[in-house]
Every structure is written in structure tokens, then in C-alpha cells.
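# Close look at the chain arrangement
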Amino acid sequence: MPLPKISEARELSDEKLSDEIVAIKRQLFQLRLQKATRQLEKPHQFRQLRHRLAQLLTLETERKRAASQSAKEEK
């Protein structure tokens, strides 16, 4: 299963982006619980979810910087 592309994340609205960040953090928490109780069947999901989370957080930061930059230019 290939890693997700950031171009897919760029199509998300700000609200969906923050919702997906929360969902992925929950999934990572569940994976950590499964690992601690030795019920984890697919350890590759850690890498995929961390990769996706990093993409989404990067995109969120880019959007915040762009918004603050445009606010500074308007003043």
C-alpha cells in the first residue's frame, strides 16, 4: 500500500483538514494501545499514519502562514 500523496490533502478544506488531523491522532492512539496489549496485526500502519499526519500538519502550517502573511500585507 503506497504512502498517501500530499496533493490529495491540498484539496481538503480547512475544516476537513483539522477533522482529519484529529482522526489520525485517534487512530495512532488506538494503534499504540494495540501494540501495548500485543494485539497489533499491521505495524506498517504506524508509518503510514505518521506520514499522513506530518503532511496534514505541514499543510495546516502553510495555510496559517499564508493567512498571516496576507493579513500583514493588507495593513
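Residues numbered from 1 in each chain as written. Predicted model: local features only at pLDDT ≥ 70, side-chain atom pairs only at ≥ 80, totals over all residues. Heavy atoms only, no water.

- The protein chain appears in an unreviewed UniProt entry as Large ribosomal subunit protein uL29 from Nostoc cf. edaphicum LEGE 07299.
- The heading Sequence similarities (unreviewed entry) in the UniProt record of the protein chain holds the text "Belongs to the universal ribosomal protein uL29 family." (UniProt positions renumbered as here; feature names shortened; annotations may be inferred.)

### Description of the side chain of Arg 52
- Along the chain, the position of Arg 52 falls in helix 3 (residues 44-74).
- Leave out the neighbours within four places in its chain, and Arg 52 touches Pro 4, Lys 5, Glu 8, Ala 9, Leu 12, Glu 20 and Ile 24. (Helix = DSSP H or I, 4+ residues; strand = E, 2+ residues; numbered from the N terminus. Contact = heavy atoms within 4.5 Å.)

### Let's talk about the nonpolar core
- In terms of nonpolar packing, the biggest core is built from 12 residues, these being Ala 9, Leu 12, Leu 17, Ile 21, Ile 24, Leu 28, Leu 31, Phe 46, Leu 49, Leu 53, Leu 56 and Leu 59.
- Among the elements of the structure, helix 2 (14-36) and helix 3 are those that each provide at least two residues to this core.
- Excluding residues that lie within four positions of it along the chain, Leu 12 makes contacts with Leu 17, Glu 20, Arg 52, Leu 56 and Arg 63. (Core = buried A, V, L, I, M, F, W, Y, C linked by side-chain atoms within 4.5 Å. Buried < 20%, exposed > 50% of the residue type's maximum accessible area, 1.4 Å probe, protein only.)

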